[in-house]
Each structure stands twice: as structure tokens, then as C-alpha cells.
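Structural characterization, general
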Amino acid sequence: MARALRAGIVGLSGIAARLPEAAAGPGMGVRLPVSHAAAYYSVPDTELVAGCDLRPERAADFKRQWSVLLPNLRVYPDHRAMLAAEDLDIVSVVTSDHAHAQVVVDAAEAGARGILCEKPIATTLADADRMIAATERAGIPLLVNHTRRWMSPWLQVARLIREGTIGRVQRIVASQGGPRAMLFRTGTHMCDSIVWFAGAQPLAVYAVPELGQELYGPRYAGDGGQDPGTDPALSVLIEFDDGTRAFWNLCKTMPQVYDIDIYGENGCIRGRTFPGDEISITLDLGNHRLVTEPLARVQHTYGWFAGCVSELVLLIRDGGEPSSGGREARMSLEIMLAALQSQSRGGERVGLPIVDA
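Bear in mind that the values here come from a model prediction, so they are computed numbers and not experimental data.

1. Regarding the sheet that holds strand β4 (residues 46-52)
If you walk across this open sheet you meet the six strands as β5-β4-β1-β6-β7-β8, and the pairing is parallel. The sheet terminates laterally at β5 (74-76) and β8 (142-144), the two strands that pair on one side only. Averaged over all neighbouring strand pairs, the angle between strand axes comes to 25 degrees, with direction disregarded. With three bridges joining them, strand β7 (residues 114-117) and β8 adopt parallel strand pairing. Counted as the bridge partner of I115 is L142 from β8.

This is the structure:
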């Protein structure tokens, strides 16, 4: 049996470092991984050996909270020190969004066999291209943590669309509300889902801002997701090359919703995230007869983080195409950056591809 893949984490914030937590739904009582560290601890083919953070107190907290489960865990003051000292197979990049690129490049050049990067892939197309080039040059997988790709309800939605249950997709309507309805924070997940479910190439983007954010853009000016005020909410229209259109609304002053409706030629699929993932399918039986049924819940105890890490292990061991790779993540980034450029121009149509503003 092959040895476990040695993993290290760059950036030790909560999503990087949290201990496993009790499941709140199906699989009650099972300790689900809700962080990079917990996923590596939970997946048998991986071994968490190191972490690093520029803030010494955060590195010390990480080592202290994991010391009982992983007594040999080592911490470092920065990623270059960790890469030089450890023979790592996998590197998790959990830094601020704008700092992803150099860490990914350095990890690829240091001999990592696979990289898991937090979303969004970057905040500029130039940085995303550097990351993709470095990992492709090294011949290693780059997996971007768009979590819905490993959540069973959304995998079921993608399968139903792929199987033609509702016919060819025509329109997608997505809504996000609450203070963290931010383009680059939760918006990254929704944008990825829109592109995933559309299954087509985006052609153009139009966007208008919320009141009070008219002067934001044409480039991202956030702080990595900490302050909602630095990350805008927009209303976005996306055109795809097969005629599909997506209407995407982010609004910080409406209730905290995360909804997506996919309309096909023969029916629609509706997804509601809060209070739990609830999916329904409506089919057109003809003669104005519509039948709606809920999607049966799939029992699971593994969680999306473990699913993501397990996929990375398979990609390293056996090869294959990642479900959320660098090029897919770049597509979502380009749409979001195009939206910022459109908003700064009064909502005009911005054709793709674009260049950084």
C-alpha cells in the first residue's frame, strides 16, 4: 500500500485550522471535517505534517489545538521555510485571496504533487494565469475549493442536468442575501455553480451595483473577505454561447438567502441552501400541467472538505481532470472581474475574454 501523502497548510485561519465538528444533519454524531486540517486528519491517504503563518500567534494556536491529535505537527514562520524543510506531497493555500499566486507557484516549483487552493483562485487574471502555468508546467493538479462541487445535493443537481432531466438549460436565476452577499466571498461559490450548471462558455457580462457602491471598480479592492464593506454586491447578467442567460443578484440588505433556479426546456430545478439544502424538480407534462417533487436527500457522513481532499488524492495517484481545477476557477474569476468593469462603466456589456483593469 502506498504511503500517506504528506500535507502542509499555508495560512492558519479558521477554515484552515478548525478541529472536526459534530455533524448537524445526516450522520448525526459523526465528527465531520470543516477545515483543511480536519480533512487531512480524516482522509486515510493523507497525513498533516506541517503548517505555517506569518503571524506567530496563529501558528502557535494551531500547534496547540492540534497537539493531542498530531503531536509531531511542525509549524513555520512562512511558506518558503516550510517548503524547504518538509517533503510535502500536498500544499493547501489558505492565505488572503491576493496572496494565493506566489504560494502556488513556489509550491509547484518545490515539488508538491498536488495543490488545494482556497477560492477565489486569485484576484487578478495575471495571478490566475501564473498559478495555472506553474501547475501545468509541473504536471500536477490544482484544485480550487468551490465547496458545492463536493456537496451531495448540488452533485445531484449537476447529474440531473447532465442527464437531460429538464432538457437543455435556458435560464439560471441566482440570489444571495445578507451582509456577506459579497462578490468575492460567497459570490465566488455561486458564480462557479452558475457556470457549472450552465455547461457553456460565457460570452459577456453586464452588472449594476447596489446603491452607495456606484464608484467601486473596475478592479477588486477587497481585504480578502474580512470586511463586507470592501467587497461589493452587484446585480449581474451573464450571456453564454449557447443562448443560456444567468441572472445573478447579490444584495446585502435582503434576507440571508442562497438560492438558485435552473430552467430547462422541459422543467426546472430549484435549490435553497438555508436552513438546509432543499432541492425540488418541476417537470412540464404538457397541457399546462406542472408536477413538482422534492429531491430525495442522500445520507452522507463524509462532508465536502473530505470529498475535496479525497479527489485530490485520486488525481495525484491516478490522474484525471479535476472537478474544480484552475481553468474552471479562472472562468469564474473572469466573470466577476468583468462584472466590476461593467459596473464601473454604467452597466455596459463587457465581452469576454477581458484583460485586467
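Picking up where we left off.
2. Remarks on the packing of aromatic side chains
Summed over all chains, the structure comprises five aromatic pairs. Taken together, W154, W196 and F197 form an aromatic cluster joined through their ring pairs. Here R148 stacks its cationic end above the ring of Y258, 4.4 Å away from the centre of that ring.

3. Quick look at the packing of helix α8 (residues 186-198) against helix α10 (residues 326-344)
One way to put it is that α8 packs onto α10 with a least axis distance of 9 Å and a crossing angle of 115 degrees. With respect to each other, α8 and α10 are oriented roughly perpendicular. In this structure, α8 crosses over α10, and the sense of that crossing is right-handed. Across the interface between the two elements, G187, T188, C191, D192 and V195 from α8 touch M331, S332, I335 and M336 from α10. Its residues assigned to classes, the contact of α8 with α10 comprises five nonpolar, three polar and one charged.

What counts and what doesn't
- Residues numbered from 1 in each chain as written.
- Predicted model: local features only at pLDDT ≥ 70, side-chain atom pairs only at ≥ 80, totals over all residues.
- Heavy atoms only, no water.
- Pairing = 2+ DSSP bridges.
- Helix = DSSP H or I, 4+ residues; strand = E, 2+ residues; numbered from the N terminus.
- Axes fitted to C-alpha atoms, helices over the stretch in contact; angles between N-to-C directions.
- Phe/Tyr/Trp six-rings, centres within 6.5 Å; stacked < 30°, edge-to-face > 60°.
- Lys NZ or Arg CZ within 6 Å of the ring centre and 35° of its normal.
- Parallel < 35°, antiparallel > 145°, perpendicular 65-115°, else oblique.
- Left-handed = near helix turned anticlockwise from the far one by under 90°.
- Contact = heavy atoms within 4.5 Å.
- Nonpolar A, V, L, I, M, F, W, Y, C, P; charged D, E, K, R; others polar.

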